[in-house]
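# Remarks on the overall topology
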Amino acid sequence: MIRVELPQHLRTLAQVGHEVTVDVAGEPTLRAVLDALEAHYPMLRGTIRDHVTQERRPFVRFYACAEDWSHEPVDTSLPRAVATGAEPLLVIGAMSGG
Amino acid sequence: MSGVRVLVGTRKGAFILTSDGARKNWDVSGPHFAGWEIYHLKGSPADPNRIYASQTSSWFGQVLQRSNDGGKTWAPAGNKFAYHGTPGTHLWYDGTPHPWEFARVWHIEPSLTDADTIYAGVQDAAIFKSTDGAQTWEELEGLREHRTAGQWQPGAGGLCLHTILIDPTNPKRMFIAISAAGAFRTDDGGQSWTPINKGLTSAQIPNPTAEVGHCVHRLAMHRSRPNVVFMQKHWDVMRTDNGGESWHEVSGNLPTDFGFVIDVHSHEPETIFVVPIKSDSEHFVPDGRLRVYRSKTGGNDWEPLSNGLPQQDCYVNVLRDAMAVDSLDSCGVYFGTTGGQVYASADAGDHWMPIVRDLPAVLSVEVQTLSA
């Protein structure tokens, strides 16, 4: 079970609380977690990753265990603490704009 | 008892304003989708309870919302706007090629006869169509693949397709406008498109017969006369009487012919409304006075309408999708400002009153005329 924290606007869109959980078969990677998240909450498709390119949207960042995972290859295994559910994967809207 | 429902898109959410036919007392609902930019909402003429909303964010991209109960409840619909094939390039601001990139839906145009059929005008400029109530979208790629598309350049707001007009007598004929490519017409339901910019002149375009490149801000037509289309261009108010084959200027005695909105009286095809803006450098009304200008002669001869509008220290703009008319016996006119006011007139502009004064900056205004 993977815990994912979402930013406020995406919580509202998906009608969920600040944290959701998803199950990922095998070694959890960023791609696998996002795939599972979008499968559970299809309204989130296109809001975190571009629909076509699957690239992270520029003003969205990923953090895990206090480290910035935004630029890590999406098929890299997430930290053990995230894989076990001890720590959440954070999806964050960048502090920019007004 | 008839009534109206005004759909307002703002920089920070959507608002729905309702009133009976007197249009004096208003209920305000919102913000819906708080914190998101709502570029446009529009109801289906075939089913007024069906409303579509374009919800966008620089952070989280495009969401397309749909209501089946007149805006009381909403559900996300399909938001995948994928260009057909491998999109090529248009010109960037500096004149270099730039790949086509989807940014947002600027304008939603429901079919006049089928609540599940909708068109969407997007940035970077393209038109999409849904026939399943906005669950899935297909590009009508003939427009973006037009032989001139590689020469299209964005206006300051982006390369946006912001206007879609459907001919009420022939649904295969549509008019669209793109900033800053110009106006186009299809006669085959969107498969192929013709630039319709003859007669437009722009000081910034050296070639007076340029086929594309014109910064068209808005088009409007009366449903009874679809060959007559009015245009607010970057500068100049224009008119065509032959479906866009040629345009002529009708700016006449306007204090400035720069502006964004233009609309047509619901019962008088020769009565049109604009809101002159000082200039392309100063996007606010001239002289600190908010005035709608009305022509009852299809242009050239204009009168200012200011009764009930602020006449000092007012420096707002009225954006291109932020004016609408209802179809009650006494035509109602509505517009929203970048200062967050939405004004209504129940007598075709003779008298105005604010419905709300302090919304976020208004991006779009549409109105539905409802019967009990």
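This section reports on the structure supplied with the text.

Turning our attention to the overall build of chain B. A count of helical and extended segments in chain B gives 0 helices and 30 strands. Relative to the 2.2 N^0.38 estimate, which gives 21 Å for 372 residues, the radius of gyration of chain B is 19 Å and therefore close to what a compact globule would have. With 372 residues in all, chain B has 60% of them scored as buried. Within chain B, counting contacts between residues at least 6 apart in sequence, those at least 24 apart form 51% of the total. Averaging the positions of the 30 positive and the 41 negative side-chain charges in chain B gives two centres separated by 1 Å.

Glancing now at the nonpolar core. In terms of nonpolar packing, the biggest core is built from 40 residues, with Leu-17, Val-275, Leu-290, Val-292, Tyr-334 and Phe-335 of chain B touching the most fellow members. Contacts of Leu-17 of chain B, omitting those with residues within four sequence positions, involve Val-4, Arg-5, Val-6, Val-8, Trp-26, Asp-27, Val-28, Val-342, Ile-355 and Val-356 of chain B.

Once that is clear, we can look at the sheet that holds strand 20 (residues 237-240) of chain B. Taken in spatial order, the 4 strands make up an open sheet running 18-19-20-21 (chain B), and their pairing is antiparallel. Strands at the two margins of the open sheet, each flanked by one partner only, are strand 18 (216-221) and strand 21 (248-249) of chain B.

Attention now moves to helix 2 (residues 30-40) of chain A. Three or more residues of helix 2 of chain A are buried, namely Leu-30, Val-33, Leu-34, Ala-36, Leu-37 and Glu-38 of chain A. Of the surrounding elements, those touching the buried residues of helix 2 of chain A are strand 1 (2-5), strand 2 (19-22), strand 3 (60-64) and strand 5 (89-93) of chain A.

Before going further, it helps to examine the pattern of salt bridges. Residues and elements named next belong to chain B. Taken as a whole, this structure holds 25 salt bridges over all chains when the rule is applied. The salt bridge partner of Lys-42 is Glu-109, with a shortest N-O separation of 3.0 Å. On the criterion of sequence distance, the pair formed by Lys-42 in strand 4 (residues 37-43) and Glu-109 in strand 10 (residues 104-110) is long-range, its members being 67 residues apart. Classification of Glu-109 by relative accessible area gives buried; the value is 8%. Arg-185 serves as the salt-bridge partner of Glu-245, at 2.9 Å between the closest nitrogen and oxygen.

Right, let's talk about the sheet that holds strand 30 (residues 362-370) of chain B for a bit. Residues and elements named next belong to chain B. The antiparallel open sheet is built from 4 strands, whose spatial order is 3-2-1-30. Every interior strand has two partners, whereas the edge strands, strand 3 (27-32) and strand 30, have only one. Taken pair by pair, the neighbouring strands of this sheet meet at an average axis angle of 15°, ignoring direction. One ladder, built from 8 bridges, connects strand 1 (residues 3-10) with strand 2 (residues 13-20); its direction is antiparallel. Within strand 2, the position partnered with Gly-9 by the bridge is Ala-14.

So, on to the interface of chain B and chain A. Taken together, the 15 residues of chain B in the interface contact 18 residues of chain A. When chain B packs against chain A, the two sides together hide about 1,300 Å² of surface, and 63% of this comes from carbon and sulfur. The largest contributions to the chain B side of the interface with chain A come from Trp-59, Phe-60 and Asn-79 of chain B, which together make up 52% of the buried area. The interface formed by chain B and chain A holds 0 salt bridges in total. At the boundary of chain B with chain A, the tally comes to 5 residue pairs in polar contact (both at pLDDT 80 or more). It is strand 6 (residues 61-67) of chain B that contributes the most residues to the side of chain B that touches chain A, 3 residues altogether. Residues belonging to the side of chain B that touches chain A are distributed by class as follows: 7 nonpolar, 6 polar and 2 charged.

So, how was this worked out
- Residues numbered from 1 in each chain as written.
- Chains lettered and ligands numbered in written order.
- Predicted model: local features only at pLDDT ≥ 70, side-chain atom pairs only at ≥ 80, totals over all residues.
- Heavy atoms only, no water.
- Helix = DSSP H or I, 4+ residues; strand = E, 2+ residues; numbered from the N terminus.
- Rg over C-alpha atoms; globule rule 2.2 N^0.38 Å.
- Buried < 20%, exposed > 50% of the residue type's maximum accessible area, 1.4 Å probe, protein only.
- Contact = heavy atoms within 4.5 Å.
- Lys, Arg positive; Asp, Glu negative; His and termini not counted.
- Charge placed at Lys NZ, Arg CZ, Asp CG, Glu CD.
- Core = buried A, V, L, I, M, F, W, Y, C linked by side-chain atoms within 4.5 Å.
- Pairing = 2+ DSSP bridges.
- Salt bridge = Lys/Arg side-chain N within 4 Å of Asp/Glu carboxyl O.
- Axes fitted to C-alpha atoms, helices over the stretch in contact; angles between N-to-C directions.
- Buried area = accessible area lost by both parts, 1.4 Å probe.
- Polar contact = N/O pair within 3.5 Å; in protein donor to acceptor, adjacent residues only side chain to side chain.
- Nonpolar A, V, L, I, M, F, W, Y, C, P; charged D, E, K, R; others polar.

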